[in-house]
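# Architecture and fold: a report
Now for the letters of each chain:
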Amino acid sequence: MNDPTSLRDKIVGLSESSGRKSYYPMLQQKIRELQTEISERRRAENRLRETLERIARQQAAIAGISTHPDVFHGRLAEAAPMMTERTAHALDVARSSLWIMQGDRLCCMDKYDAPGDAHTSGQCLDCSKYPEYFDAIRKEAIVANEALEDPRTRSFSLKYLQAYGIAAMLDVPVLIDGELAAVICFEHVETPRIWQPDEVTFAGRIADQVALILGNQRRRLAEERLREAHTDLTRNFRFTEVLLDAIPIPLFYKNSDLRFLGCNRAFTELMGIDADEIQGRTSHDFWPDLAPSYEEQDRNLLNGAGRSTYEAKVRDKNGEFREVIFAKQVFFDERNRTDGIIGSFVDITERNRSEKESQRLRTLLSNIINSMPSMLIGVDADGRIAQWNQRAALVTGVDEEQARGRQLDQVVAWLSPEMRRIRQSIASKKPLFEGKIRRIEEGETIFEDVTIYPLITNGVDGAVIRIDDVTDKVRIEEVLVQSEKMLSVGGLAAGMAHEINNPLASIMGNAQVLETRLMQPLPQNTAAAQDAGITMEALRTYLNLRGIPKMIQSIRGSGAQAAQIVSNMLSFSRKSDSVLAPEDVRSLLDKTLELACTDYNLKKNYDFKKIRILREFDPDLPKIMGSSSKLQQVFLNLLRNGAEAMGEKSFPEGDGPRFILRAHRNPPWVRVEVEDNGPGLEESVRKRIFEPFFTTKPVDKGTGLGLSVSYFIITEEHCGMMSVQTAMGKWTRFIIDLPTAPEYK
Ligand SMILES: Nc1ncnc2c1ncn2[C@@H]1O[C@H](COP(=O)(O)OP(=O)(O)O)[C@@H](O)[C@H]1O
Ligand SMILES: [Mg+2]
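Residues numbered from 1 in each chain as written. Chains lettered and ligands numbered in written order. Predicted model: local features only at pLDDT ≥ 70, side-chain atom pairs only at ≥ 80, totals over all residues. Heavy atoms only, no water.

### As for the domain arrangement of the protein chain
Note the cut-off: Where each domain begins and ends is defined by an automated method or by a domain database.
When the domains of the protein chain are assigned, the result is domain 1 (55–221), domain 2 (247–347), domain 3 (368–467), domain 4 (476–570) and domain 5 (581–744). A C-alpha centroid distance of 85 Å is found between domain 2 and domain 5.

### Quick notes on the environment of Pro-131
To be explicit about the condition: A run of DSSP states H or I qualifies as a helix once it reaches four residues; a run of E qualifies as a strand once it reaches two. Both are numbered from the N-terminal end.
Looking at where Pro-131 falls in the secondary structure, it is placed in helix α5 (residues 131–137). A sequence separation of 303 residues divides Pro-131 from Glu-434, and the C-alpha atoms of the two residues are 105 Å apart.

### Comments concerning the packing of aromatic side chains
What counts is decided by this rule: Aromatic contacts are taken between Phe, Tyr and Trp rings whose centres are within 6.5 Å, Trp giving its six-membered ring; a plane angle under 30 degrees counts as stacked, one over 60 as edge-to-face, and the others as tilted. Per-residue accessibility, obtained with a 1.4 Å probe over protein chains only, is compared with the maximum for each type, and a residue is labelled buried under 20%, exposed over 50%, and partly exposed between these values. Lysine and arginine charges are scored as sitting over a ring when NZ or CZ, respectively, is within 6 Å of the ring centre and within 35 degrees of the ring normal.
Applying the stated rule across the entire model yields 18 aromatic pairs. Ring centres of Phe-690 and Phe-734 lie 6.3 Å apart, and the angle between their planes is 80 degrees; on these two criteria the pair is classed as edge-to-face. You can see Phe-690 sitting in the loop between α24 (683–688) and α25 (706–717) and its partner Phe-734 sitting in strand β24 (residues 731–739), a full 44 residues away along the chain. The exposure class of Phe-690 is buried, given its relative accessible area of 7%. Directly above the ring of Tyr-164 sits Lys-111, whose terminal nitrogen or CZ lies 5.4 Å from the centroid. The ring of Phe-326 is capped by Lys-328, whose NZ or CZ atom sits 4.7 Å from the centre of that ring.

### Focus: the packing of helix α21 (residues 585–598) against helix α23 (residues 628–648)
Note the cut-off: To get an axis, a line is fitted to the C-alpha atoms, and for a helix only the part in contact is used. The angle between two axes follows their N-to-C directions and goes from 0 to 180 degrees. For classification, angles of less than 35 degrees are called roughly parallel, those exceeding 145 degrees roughly antiparallel, those between 65 and 115 degrees roughly perpendicular, and all remaining angles oblique. A clockwise turn of the near helix away from the far one marks a right-handed crossing, whereas an anticlockwise turn of less than a right angle marks a left-handed crossing. It only takes one pair of heavy atoms within 4.5 Å for two residues to be counted as in contact. Residue type decides the class: Asp, Glu, Lys and Arg count as charged, Ala, Val, Leu, Ile, Met, Phe, Trp, Tyr, Cys and Pro as nonpolar, and the leftover types, Gly among them, as polar.
At a minimum axis distance of 9 Å, the contact between α21 and α23 shows a crossing angle of 55 degrees. When the axis of α21 is compared with that of α23, the two are oblique. Helix-helix and strand crossings are classified by hand; for α21 and α23 the assignment is right-handed. Taken together, the residues of α23 that come into contact with α21 (itself represented by Leu-588, Leu-589, Lys-591, Thr-592, Leu-593, Leu-595 and Ala-596) are Ser-628, Leu-631, Gln-632, Phe-635, Leu-636 and Leu-639. Tallied by class, residues from the contact of α21 with α23 come to 9 nonpolar, 3 polar and 1 charged.

### Structural notes on the pairing of strand β1 (residues 95–102)
If a strand is regular, its side chains alternate between the two faces of the sheet. Where we set the bar: Any two strands with at least two DSSP-identified bridges between them are counted as paired.
Burial within β1 is extensive, with 7 of its 8 residues counted as buried. In this sheet, strand β7 (residues 179–189) lies alongside β1 in antiparallel orientation, the contact comprising 6 bridges. What sits directly across from Leu-98, in β7, is Ile-184. Relative to strand β2 (residues 105–113), β1 runs antiparallel, the two being bridged by 8 bridges. Looking at β2, one finds that Leu-98 is bridged to Asp-110.

### Observations concerning the state of the cysteines
Note the threshold: When two cysteine sulfur atoms are found within 2.5 Å, that pair is recorded as a disulfide.
Under the counting rule described, the total for this entry stands at 1 disulfide. Covalent S-S linkage joins Cys-107 and Cys-124, the inter-sulfur distance amounting to 2.1 Å. Note on the Cys-107 and Cys-124 pair: the S-S dihedral is about 115 degrees, so by sign convention the disulfide is right-handed. In this pair, Cys-107 sits in strand β2 while Cys-124 sits in strand β4 (residues 124–126), placing the two residues 17 residues apart along the sequence. For Cys-107, a relative accessible area of 8% gives the class buried. By relative accessible area, Cys-124 is classed as partly exposed at 27%. With no disulfide of its own, Cys-108 lies closest to Cys-124 among cysteine sulfurs, the gap being 8.4 Å.

### Concerning the side chain of His-718
Tracing the sequence through the fold places His-718 in the loop between α25 and β23 (721–727). Beyond its immediate sequence surroundings of up to four residues, His-718 is in contact with Leu-580, Met-625, Gly-626, Ser-627, Lys-630, Leu-631, Ile-713, Leu-738 and Pro-739.

### Notes on the site of ligand 1
We count it as follows: By convention in these notes, a residue is near a molecule or strand provided one of its non-hydrogen atoms lies within 4 Å of it. Counting of polar contacts relies on pairs of N or O atoms within 3.5 Å, with two restrictions inside protein: one atom must be capable of donating a hydrogen and the other of accepting it, and residues adjacent in sequence are counted only when both atoms are side-chain atoms. For every accessible area listed, the method is Shrake-Rupley and the probe measures 1.4 Å; residues are considered covered only by the protein chains on display.
Residues in close proximity to ligand 1 total 18 residues, the closest being Asn-641, Asp-676, Thr-695, Thr-696 and Lys-697. Asp-676 has a polar side-chain atom sitting 2.8 Å from a nitrogen atom of ligand 1. For ligand 1, an oxygen atom lies 3.0 Å from a polar atom in the backbone of Thr-703. For ligand 1, the protein covers 93% of the area, taking 520 Å² as the surface of the free molecule. Breaking the shell around ligand 1 down by element, the ones donating at least two residues are α23, α25 and β24. Element by element, the count of residues in the shell around ligand 1 is highest for α23, at 3 residues. Considered class by class, the residues forming the shell around ligand 1 number 7 nonpolar, 9 polar and 2 charged.

### Observations regarding the packing of helix α4 (residues 76–91) against helix α7 (residues 197–246)
Between α4 and α7, the shortest axis-to-axis distance is 12 Å and the interhelical angle comes to 175 degrees. The angle between α4 and α7 falls in the class roughly antiparallel. Residues Leu-76, Met-83, Thr-87, Ala-90 and Leu-91 of α4 pack against Glu-199, Phe-202, Ile-206, Val-210, Ile-213, Leu-214 and Gln-217 of α7. Of the residues in the contact of α4 with α7, the class split is 9 nonpolar, 2 polar and 1 charged.

### A word on the layout of surface pockets
In plain terms, the rule: Here a cavity denotes grid points, spaced 1 Å and computed from the protein atoms alone, that fit a 1.4 Å probe unable to get out, and a pocket denotes an open set having protein on both sides within 12 Å along at least 5 of 7 lines; residues with an atom within 4 Å of a point are the lining. Grid points are joined across faces, edges and corners, and a volume is the space filled by probe spheres set on the points.
The calculated volume of the second largest pocket comes to roughly 520 Å³. Of all elements in the fold, only α17 (471–519), α24, α25, β23 and β24 reach the threshold of two or more residues within the lining of the second largest pocket. Per element, the largest residue contribution to the lining of the second largest pocket is 7 residues, and it comes from α17. Of the residues assigned to the lining of the second largest pocket, the class counts are 9 nonpolar, 6 polar and 8 charged. Residues from two domains meet in the lining of the second largest pocket; each of domain 4 (476–570) and domain 5 (581–744) gives at least three.

### Quick look at the side chain of Gln-58
Residue placement: Gln-58 occurs in helix α2 (residues 24–67). Take Gln-58: its relative accessible area is 5%, and that puts it in the buried class. At 2.8 Å, the side chain of Gln-58 forms a polar contact with the side chain of Asp-198. Sequence-distant contacts of Gln-58, that is, excluding residues within four places in its chain, are made with Ala-90, Leu-91, Asp-198, Glu-199 and Phe-202.

### Quick look at a nonpolar patch on the surface
The line we're drawing: Think of a patch as exposed residues, more than 30% relative accessible area, with no salt bridge, where like charges cluster within 9 Å and nonpolar side chains (Val, Leu, Ile, Met, Phe, Trp, Tyr) cluster within 5 Å. Should a side-chain nitrogen of Lys or Arg be within 4 Å of a carboxyl oxygen of Asp or Glu, the pair is scored as a salt bridge.
A contiguous nonpolar surface patch, about 320 Å² in accessible area, is contributed by Leu-361, Leu-364, Ile-368 and Met-372. Accessibility expressed as a relative area gives 40% for Leu-364, which makes it partly exposed.

### Section: the nonpolar core
The test is simple: The definition of a nonpolar core used throughout is a set of buried Ala, Val, Leu, Ile, Met, Phe, Trp, Tyr and Cys residues joined through side-chain atoms within 4.5 Å.
By size, the foremost hydrophobic cluster in this structure holds 50 residues, and its most contacted members are Met-722 and Ile-736. For this core, the element with the most residues is α23, which contributes 8 residues. For Ile-736, the residues in contact, after removing those within four places along its chain, are Val-634, Phe-635, Leu-638, Val-670, Arg-671, Val-672, Ile-714, Met-721 and Met-722. Membership of the second largest hydrophobic core comes to 34 residues, among which are Ile-62, Val-71, Ala-168 and Ala-207.

Below, the structure is given as structure tokens:
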């Protein structure tokens with residue numbers, strides 16, 4: 001259009017045609033055309049100049065912005081007013097603004113109002129409220145020549161566009177990594193405006209500038225964060241190191257190839273290997289003998305166990321083995337893959353040793369307690385059993401497990417009367433003793449000493465009760481007292497018997513002579529009667545009339561009885577002329593039974609044949625050393641006493657008196673027992689039963705010598721033993737142990 005050639009052509013054309021026709025109208029026409037063309041050219045030139053000027057302004061603005069120190073240093077907030085101002089002038093718009101995405105909102109960092117030459121900021125838009133606008137701006141610049149009509153910007157109309165008189169908008173996005181980070185906004189007011197391509201390009205370049213600053217900012221921020229994270233990490237790492245060293249338990253850590261990564265101080269102190277030495281090495285490098293078992297465990301752990309605790313050995317810096325408990329656990333990397341193992345161990349060598357020692361002590365203690373011949377029972381303050389030794393279990397038949405925790409008087413009924421004293425002892429913390437407590441167990445009398453020792457350790461209330469079976473001791477005491485009495489009283493009796501013997505012999509002898517001389521028709525008697533002037537017949541008549549023969553009989557009878565007593569009393573004299581020979585107690589017992597059946601005294605009281613006799617004899621019973629007559633005397637005493645006692649008892653229907661005769665081996669003794677089912681013995685009787693002259697019978701019936709003599713015969717003359725057991729109302733059993741004859745031993 002502005003080509004100079006075409007203009008010359010037109011002028012030349014005018015001159016050619018003017019020669020032939022009236023050229024004036026044509027000329028006028030041409031001039032008009034020319035004028036139009038000239039004004040068009042001028043307009044075009046103007047436009048061109050404007051465009052050039054615009055571009056110059058834009059370039060000046062870009063140069064000013066990009067070299068500004070705030071932009072150079074990435075200080076967007078400080079640079080924003082300068083940028084909005086320069087761009088507003090460059091594009092010749094009423095307002096220019098810079099908006100930054102903050103979460104879901106787009107907030108105004110700076111807005112420049114050119115007519116008022118004023119800056120504002122702070123306004124925000126919710127992205128969700130203007131979906132058309134934000135969908136569009138996320139993709140590309142919004143070039144809205146008529147903002148009120150444009151579907152992308154229409155939604156702003158009432159509130160914003162009309163309020164501010166905005167007619168055209170040019171908005172460009174600032175995208176970082178494809179994300180909307182900011183928007184730069186140019187608003188033209190009053191009339192619509194056709195945004196020129198160079199203006200859109202200019203806006204885009206400003207957006208690039210902002211993107212650069214924001215990107216730099218982000219990078220700096222990220223770098224800052226990284227630095228901080230690194231500082232944190234270093235601090236954490238140092239802390240962890242100190243933490244690990246502060247833990248007094250040896251710790252170590254390995255990677256998943258089972259190479260050590262490190263260890264703590266406790267580990268170094270015990271094993272003599274420090275963190276630098278151990279790093280990168282494996283167990284094989286230090287403890288080749290132990291390594292296979294360590295690694296087997298480690299591999300199990302890595303293959304899924306996750307954590308484990310087990311006992312094993314380590315070898316310390318002195319080469320000594322230590323028993324330890326390992327606790328191992330895998331650790332994970334940031335993507336949750338197993339990355340290695342953290343391990344620790346506790347040295348239990350000492351603990352094991354002291355455990356063994358205390359186990360040994362416990363065993364020793366319980367051995368001691370259990371081997372005590374006494375019952376030892378520990379009770380707490382409430383009387384519940386805490387300790388129970390073997391003897392206690394044996395005596396009660398209740399084992400420790402059953403006994404523990406139960407009330408003492410429930411387990412040991414015979415101790416219920418003692419409970420009060422036990423509590424008293426615990427309260428006063430003073431031991432209490434009670435001797436020779438008597439109780440009957442399955443018919444046998446048992447004597448026990450009960451001692452209560454309160455626990456005097458602070459904080460523990462309770463007591464240990466010691467129960468000793470002193471039955472044997474009591475028996476021995478009784479026996480000692482018995483033989484003591486026997487010897488003193490017996491000796492006295494024997495001495496008296498000796499003294500009585502002579503006068504008694506004289507009484508008896510003279511009584512017999514008296515009878516002979518008064519009653520027998522002997523020649524000397526007849527001659528003496530004649531000399532006196534009487535006949536023997538007359539004398540006999542007189543004597544009969546006065547009852548003299550009966551008196552003499554009585555003297556002789558009483559004399560015989562006295563002689564019997566004296567002879568019994570004489571048995572106590574120590575000297576024994578009886579010779580001991582091997583005898584079979586079974587046949588002695590049988591002979592005595594025969595004798596008993598014919599026994600006059602016995603028959604008087606009742607029929608011995610009515611008594612049932614049970615024999616319990618060992619078939620191969622050895623013989624004993626004894627005197628048959630003395631032993632028969634003993635057995636007869638026992639049978640007689642038994643028969644008399646059973647005679648006193650009224651038996652229920654279907655039951656009656658019976659003896660059990662027993663003869664058993666009881667090496668080195670043979671044991672003979674005579675048991676009746678009579679009334680039994682009162683304790684007061686039992687205690688004194690072997691005493692000489694002890695009797696419960698009326699004067700003419702008993703002398704109290706039967707058992708004392710028997711006792712003497714057995715213990716003194718046969719070197720045996722004799723005792724009695726009884727259950728009141730049920731039975732009485734005499735027990736005799738006689739020494740086995742030597743050839744049967
Ligand atoms: N089997 C028995 N059952 C009950 N009591 C007995 C028995 N044997 C002996 N006694 C008691 O022992 C006492 C002493 O007996 P013993 O020495 O034979 O004297 P005695 O028979 O002359 O009384 C008797 O009085 C009697 O009380
Ligand atoms: Mg008697």
